[in-house]
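# Structure assessment
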Amino acid sequence: MRKPVIAGNWKMYKLLGDAVDTSLELKTLVANATHCEVVIAPVFTALKTVADRLEGSNIHVAAQDCAIQNDFGAHTGEVAPVMLKDAGCSHVIVGHSERRQFYGETDESVNWKTMAALAAGLTPIVCVGEQLPDREAGDAESVVKTQLEGGLNGLTVSDLERIIVAYEPVWAIGTGKTATPEQAQEMHAFIRESVGEVHGNDAAENLRILYGGSVKPDNIAELMSQEDVDGALVGGASLDAQSFSKIVNYKQ
Ligand code: PEP
(Lines give C-alpha, C1' and ligand atoms only; values in the text may rest on other atoms or scores of the structure.)
Protein backbone atom coordinates (compact mmCIF):
# COMPACT_ATOMS: atom_id res chain seq x y z
CA MET A 1 0.00 0.00 0.00
CA ARG A 2 1.58 3.29 -1.09
CA LYS A 3 0.65 6.18 1.19
CA PRO A 4 -0.05 9.27 -0.92
CA VAL A 5 2.14 12.34 -0.57
CA ILE A 6 0.92 15.87 -1.22
CA ALA A 7 3.87 18.26 -1.36
CA GLY A 8 3.89 22.02 -1.84
CA ASN A 9 6.83 23.74 -3.48
CA TRP A 10 6.86 27.39 -2.44
CA LYS A 11 9.72 28.23 -4.83
CA MET A 12 11.22 31.71 -4.24
CA TYR A 13 8.07 33.15 -2.67
CA LYS A 14 7.25 34.30 0.86
CA LEU A 15 9.32 36.24 3.36
CA LEU A 16 9.73 34.59 6.74
CA GLY A 17 6.60 36.06 8.36
CA ASP A 18 4.40 34.99 5.47
CA ALA A 19 5.94 31.50 5.44
CA VAL A 20 5.20 31.10 9.15
CA ASP A 21 1.65 32.47 8.84
CA THR A 22 0.84 30.18 5.90
CA SER A 23 2.35 27.16 7.69
CA LEU A 24 0.33 27.77 10.84
CA GLU A 25 -2.90 28.28 8.89
CA LEU A 26 -2.20 25.08 6.99
CA LYS A 27 -1.44 23.20 10.20
CA THR A 28 -5.01 23.77 11.36
CA LEU A 29 -6.60 23.10 7.99
CA VAL A 30 -4.90 19.73 7.44
CA ALA A 31 -4.79 18.57 11.05
CA ASN A 32 -7.15 15.67 10.31
CA ALA A 33 -5.45 14.50 7.12
CA THR A 34 -4.32 10.97 7.87
CA HIS A 35 -4.81 9.58 4.36
CA CYS A 36 -1.64 11.22 3.04
CA GLU A 37 1.71 12.71 4.01
CA VAL A 38 1.79 16.48 3.77
CA VAL A 39 5.06 18.23 2.86
CA ILE A 40 5.85 21.91 2.34
CA ALA A 41 9.05 23.32 0.86
CA PRO A 42 9.74 26.92 1.90
CA VAL A 43 12.90 28.84 0.95
CA PHE A 44 16.12 28.01 2.82
CA THR A 45 15.90 31.01 5.13
CA ALA A 46 12.49 29.97 6.45
CA LEU A 47 13.20 26.26 6.95
CA LYS A 48 14.32 26.23 10.56
CA THR A 49 11.64 28.60 11.83
CA VAL A 50 8.85 26.86 9.93
CA ALA A 51 10.06 23.42 11.05
CA ASP A 52 10.15 24.58 14.67
CA ARG A 53 6.66 26.04 14.46
CA LEU A 54 5.29 22.84 12.87
CA GLU A 55 6.93 20.48 15.34
CA GLY A 56 4.47 17.82 16.48
CA SER A 57 2.13 18.47 13.53
CA ASN A 58 1.48 16.19 10.56
CA ILE A 59 3.31 18.52 8.14
CA HIS A 60 6.82 17.64 7.00
CA VAL A 61 9.30 20.28 5.87
CA ALA A 62 11.38 19.97 2.70
CA ALA A 63 14.17 22.02 1.18
CA GLN A 64 13.99 22.85 -2.52
CA ASP A 65 17.58 21.84 -3.31
CA CYS A 66 20.77 20.72 -1.58
CA ALA A 67 24.51 20.39 -2.09
CA ILE A 68 25.94 17.33 -3.81
CA GLN A 69 27.71 16.10 -0.68
CA ASN A 70 27.74 16.31 3.11
CA ASP A 71 31.43 17.02 3.80
CA PHE A 72 31.91 20.40 5.39
CA GLY A 73 34.29 22.55 3.40
CA ALA A 74 34.91 25.44 1.07
CA HIS A 75 31.64 25.34 -0.90
CA THR A 76 30.43 28.91 -0.79
CA GLY A 77 26.67 29.23 -1.11
CA GLU A 78 25.93 25.53 -0.79
CA VAL A 79 23.82 23.89 1.90
CA ALA A 80 24.59 20.27 2.75
CA PRO A 81 21.74 17.80 3.23
CA VAL A 82 23.00 17.13 6.74
CA MET A 83 22.50 20.86 7.49
CA LEU A 84 18.95 20.67 6.17
CA LYS A 85 18.29 17.74 8.47
CA ASP A 86 19.78 19.76 11.30
CA ALA A 87 17.37 22.61 10.46
CA GLY A 88 14.36 20.29 10.82
CA CYS A 89 13.83 19.07 7.26
CA SER A 90 12.77 15.51 6.50
CA HIS A 91 12.61 15.83 2.70
CA VAL A 92 14.43 17.63 -0.10
CA ILE A 93 13.33 18.30 -3.68
CA VAL A 94 16.07 17.33 -6.13
CA GLY A 95 16.32 18.04 -9.86
CA HIS A 96 13.32 20.35 -10.17
CA SER A 97 12.93 21.41 -13.81
CA GLU A 98 13.62 25.05 -12.93
CA ARG A 99 17.02 23.99 -11.59
CA ARG A 100 17.65 21.82 -14.64
CA GLN A 101 16.62 24.62 -17.04
CA PHE A 102 18.16 27.67 -15.39
CA TYR A 103 20.79 26.54 -12.87
CA GLY A 104 22.78 23.86 -14.64
CA GLU A 105 21.34 20.82 -12.86
CA THR A 106 22.28 17.60 -14.66
CA ASP A 107 21.30 13.97 -14.20
CA GLU A 108 24.72 13.47 -12.64
CA SER A 109 24.28 16.24 -10.07
CA VAL A 110 20.77 14.95 -9.35
CA ASN A 111 22.33 11.56 -8.65
CA TRP A 112 24.93 13.04 -6.28
CA LYS A 113 22.30 15.10 -4.46
CA THR A 114 20.00 12.09 -4.13
CA MET A 115 22.80 10.01 -2.62
CA ALA A 116 23.86 12.84 -0.30
CA ALA A 117 20.27 13.40 0.84
CA LEU A 118 19.86 9.69 1.61
CA ALA A 119 23.13 9.65 3.50
CA ALA A 120 21.86 12.53 5.65
CA GLY A 121 18.61 10.69 6.41
CA LEU A 122 16.44 12.89 4.20
CA THR A 123 13.81 11.67 1.74
CA PRO A 124 14.72 12.97 -1.72
CA ILE A 125 11.84 13.92 -4.01
CA VAL A 126 13.54 13.34 -7.36
CA CYS A 127 11.92 15.30 -10.20
CA VAL A 128 11.84 14.18 -13.82
CA GLY A 129 9.86 15.42 -16.80
CA GLU A 130 10.01 16.17 -20.48
CA GLN A 131 9.79 19.51 -22.26
CA LEU A 132 7.07 20.25 -24.80
CA PRO A 133 9.26 19.64 -27.89
CA ASP A 134 10.23 16.23 -26.43
CA ARG A 135 6.56 15.28 -26.12
CA GLU A 136 5.70 16.63 -29.56
CA ALA A 137 8.55 14.61 -31.06
CA GLY A 138 7.32 11.45 -29.32
CA ASP A 139 10.40 11.40 -27.08
CA ALA A 140 8.75 12.00 -23.69
CA GLU A 141 9.34 8.47 -22.43
CA SER A 142 12.96 8.24 -23.55
CA VAL A 143 13.76 11.63 -21.98
CA VAL A 144 12.19 10.62 -18.68
CA LYS A 145 13.91 7.23 -18.77
CA THR A 146 17.31 8.87 -19.26
CA GLN A 147 16.66 11.23 -16.35
CA LEU A 148 15.59 8.33 -14.15
CA GLU A 149 18.56 6.15 -15.06
CA GLY A 150 20.97 9.02 -14.47
CA GLY A 151 19.33 10.35 -11.33
CA LEU A 152 18.87 6.99 -9.65
CA ASN A 153 22.13 5.46 -10.86
CA GLY A 154 23.77 3.21 -8.27
CA LEU A 155 20.90 3.32 -5.78
CA THR A 156 20.23 0.07 -3.91
CA VAL A 157 16.81 -1.47 -3.45
CA SER A 158 16.73 -0.17 0.13
CA ASP A 159 17.64 3.33 -1.14
CA LEU A 160 14.69 3.08 -3.52
CA GLU A 161 12.35 2.48 -0.58
CA ARG A 162 13.39 5.85 0.81
CA ILE A 163 12.92 8.04 -2.25
CA ILE A 164 9.94 9.64 -3.95
CA VAL A 165 9.84 10.39 -7.69
CA ALA A 166 7.90 13.38 -9.03
CA TYR A 167 6.87 13.36 -12.68
CA GLU A 168 6.52 16.97 -13.77
CA PRO A 169 6.06 17.58 -17.47
CA VAL A 170 7.78 20.93 -17.95
CA TRP A 171 5.05 22.16 -20.28
CA ALA A 172 2.52 21.81 -17.45
CA ILE A 173 4.47 23.66 -14.75
CA GLY A 174 3.03 27.06 -13.93
CA THR A 175 1.24 27.16 -17.29
CA GLY A 176 -2.27 26.15 -16.23
CA LYS A 177 -1.99 23.22 -18.67
CA THR A 178 -2.35 20.04 -16.65
CA ALA A 179 -1.49 16.70 -18.19
CA THR A 180 -4.70 14.78 -18.58
CA PRO A 181 -5.20 12.07 -15.95
CA GLU A 182 -4.60 9.55 -18.76
CA GLN A 183 -1.30 11.20 -19.78
CA ALA A 184 -0.18 11.25 -16.16
CA GLN A 185 -1.18 7.62 -15.61
CA GLU A 186 0.59 6.52 -18.79
CA MET A 187 3.88 8.14 -17.78
CA HIS A 188 3.63 7.03 -14.15
CA ALA A 189 3.11 3.43 -15.26
CA PHE A 190 6.09 3.80 -17.59
CA ILE A 191 8.23 5.17 -14.73
CA ARG A 192 7.23 2.28 -12.48
CA GLU A 193 8.01 -0.21 -15.22
CA SER A 194 11.40 1.43 -15.93
CA VAL A 195 12.34 1.40 -12.25
CA GLY A 196 11.25 -2.25 -12.07
CA GLU A 197 13.58 -3.18 -14.95
CA VAL A 198 16.58 -1.85 -13.05
CA HIS A 199 15.68 -2.32 -9.38
CA GLY A 200 13.13 -5.15 -9.41
CA ASN A 201 9.35 -5.32 -9.16
CA ASP A 202 9.08 -4.91 -5.39
CA ALA A 203 11.01 -1.66 -5.41
CA ALA A 204 8.90 -0.42 -8.32
CA GLU A 205 5.61 -1.41 -6.68
CA ASN A 206 6.49 0.40 -3.46
CA LEU A 207 7.82 3.55 -5.15
CA ARG A 208 5.65 6.62 -4.70
CA ILE A 209 5.35 8.65 -7.88
CA LEU A 210 3.89 12.14 -7.60
CA TYR A 211 2.43 14.17 -10.44
CA GLY A 212 3.30 17.86 -10.75
CA GLY A 213 2.12 20.51 -13.19
CA SER A 214 -0.74 22.93 -12.54
CA VAL A 215 -2.38 20.76 -9.89
CA LYS A 216 -5.35 22.62 -8.42
CA PRO A 217 -8.19 21.86 -5.99
CA ASP A 218 -10.48 21.08 -8.92
CA ASN A 219 -8.25 18.57 -10.73
CA ILE A 220 -6.55 16.72 -7.85
CA ALA A 221 -9.28 14.11 -7.27
CA GLU A 222 -9.25 12.92 -10.87
CA LEU A 223 -5.46 12.76 -10.95
CA MET A 224 -5.41 10.83 -7.67
CA SER A 225 -7.92 8.34 -9.02
CA GLN A 226 -5.28 7.04 -11.43
CA GLU A 227 -3.70 3.78 -10.35
CA ASP A 228 -0.07 4.88 -10.51
CA VAL A 229 -0.49 8.45 -9.28
CA ASP A 230 0.56 8.43 -5.63
CA GLY A 231 0.34 12.11 -4.87
CA ALA A 232 1.17 15.56 -6.17
CA LEU A 233 3.94 18.12 -6.15
CA VAL A 234 2.15 21.46 -6.22
CA GLY A 235 3.64 24.86 -7.02
CA GLY A 236 1.33 27.86 -7.42
CA ALA A 237 -1.69 26.36 -5.70
CA SER A 238 0.35 25.51 -2.60
CA LEU A 239 1.13 29.14 -1.78
CA ASP A 240 -2.29 29.76 -0.30
CA ALA A 241 -3.16 27.62 2.74
CA GLN A 242 -6.86 27.38 1.84
CA SER A 243 -6.15 26.22 -1.69
CA PHE A 244 -3.39 23.79 -0.67
CA SER A 245 -5.54 22.34 2.11
CA LYS A 246 -8.28 21.60 -0.45
CA ILE A 247 -5.70 19.67 -2.46
CA VAL A 248 -4.50 17.80 0.64
CA ASN A 249 -8.10 17.07 1.64
CA TYR A 250 -9.05 15.85 -1.85
CA LYS A 251 -10.72 12.81 -0.31
CA GLN A 252 -13.18 14.61 1.96
C1 PEP B 1 6.21 22.90 -9.45
O2 PEP B 1 6.82 23.93 -9.34
O3 PEP B 1 6.76 21.83 -9.07
C4 PEP B 1 4.88 22.92 -10.03
C5 PEP B 1 4.32 21.78 -10.35
O6 PEP B 1 4.31 24.15 -10.22
P7 PEP B 1 2.76 24.46 -10.60
O8 PEP B 1 1.91 23.60 -9.69
O9 PEP B 1 2.60 25.91 -10.35
O10 PEP B 1 2.58 24.07 -12.04
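Predicted model only: the values in this text are computed from it and were never measured.

The subject of this paragraph is the packing of helix α1 (residues 16-29) against helix α2 (residues 44-53). Remark: α1 packs on α2, axes separated minimally by 10 Å, with the N-to-C direction vectors making an angle of 30°. On the basis of the axis angle, α1 is roughly parallel to α2. Helix-helix and strand crossings are classified by hand; for α1 and α2 the assignment is right-handed. In this structure, α1 uses Leu16, Ala19, Val20, Ser23, Leu24 and Lys27 to contact α2, whose residues at the interface are Thr45, Ala46, Thr49, Val50 and Arg53. Split into classes, the residues belonging to the contact of α1 with α2 amount to six nonpolar, three polar and two charged.

Ranked by internal contacts, the top residues of the largest apolar core, which has 65 residues, are Ile6, Ile191 and Tyr211. Of all the elements, helix α9 (residues 181-199) adds the most residues to this core, at five residues. Apart from the residues within four sequence positions on either side, Ile6 is in contact with Cys36, Glu37, Val38, Val39, Ile220, Gly231, Ala232, Phe244, Ile247, Val248 and Tyr250. Listed in part, the twelve residues of the second largest apolar core include Ala7, Ala41, Cys127 and Leu210.

This part takes up helix α5 (residues 107-119). Taking 1.5 Å per residue as the helical rise, α5 with its 13 residues ought to reach 18 Å, and the 18 Å between its terminal C-alpha atoms agrees with that figure. Among the residues making up α5, those that are buried are Ser109, Val110, Asn111, Lys113, Thr114, Ala116, Ala117 and Leu118. Check the buried side of α5 and you find it contacts α3 (81-86), β4 (91-94), α4 (97-102), β5 (123-128), α7 (140-151) and α8 (157-160). Just past α5, the residue Gly121 takes up positive phi, approximately 85°.

On to the sheet that holds β4. Strand order in the closed barrel formed by eight strands is β1-β2-β3-β4-β5-β6-β7-β8, with parallel pairing between adjacent strands. Pairs of neighbouring strands in the sheet enclose a mean axial angle of 25°, with direction left out of account. As paired strands, β5 and strand β6 (residues 164-167) are joined by four bridges and run parallel to one another. The residue bridging Val126 from the neighbouring strand is Val165, located in β6. Most of the contacts of α5 go to β5, to which it runs at about 160°, and overall it touches β4 and β5.

The immediate surroundings of the ligand are formed by 14 residues, with Lys11, Glu168, Gly174, Ser214 and Gly235 found nearest. Gly174 is positioned with one of its backbone polar atoms (N or O) 2.6 Å from an oxygen atom of the ligand. In this structure, an oxygen atom belonging to the ligand sits 2.8 Å away from a main-chain N or O atom of Gly236. Protein coverage of the free-state accessible area of the ligand, which is 300 Å², stands at 97%. Taken together, the residues of the shell around the ligand break down into four nonpolar, eight polar and two charged.

Rules used in this analysis
- Residues numbered from 1 in each chain as written.
- Predicted model: local features only at pLDDT ≥ 70, side-chain atom pairs only at ≥ 80, totals over all residues.
- Heavy atoms only, no water.
- Axes fitted to C-alpha atoms, helices over the stretch in contact; angles between N-to-C directions.
- Helix = DSSP H or I, 4+ residues; strand = E, 2+ residues; numbered from the N terminus.
- Parallel < 35°, antiparallel > 145°, perpendicular 65-115°, else oblique.
- Left-handed = near helix turned anticlockwise from the far one by under 90°.
- Contact = heavy atoms within 4.5 Å.
- Nonpolar A, V, L, I, M, F, W, Y, C, P; charged D, E, K, R; others polar.
- Core = buried A, V, L, I, M, F, W, Y, C linked by side-chain atoms within 4.5 Å.
- Buried < 20%, exposed > 50% of the residue type's maximum accessible area, 1.4 Å probe, protein only.
- Expected span 1.5 Å × (residues − 1).
- Pairing = 2+ DSSP bridges.
- Near = heavy atom within 4 Å.
- Polar contact = N/O pair within 3.5 Å; in protein donor to acceptor, adjacent residues only side chain to side chain.
- Areas by Shrake-Rupley, 256 points an atom, 1.4 Å probe, with all protein chains shown as cover.

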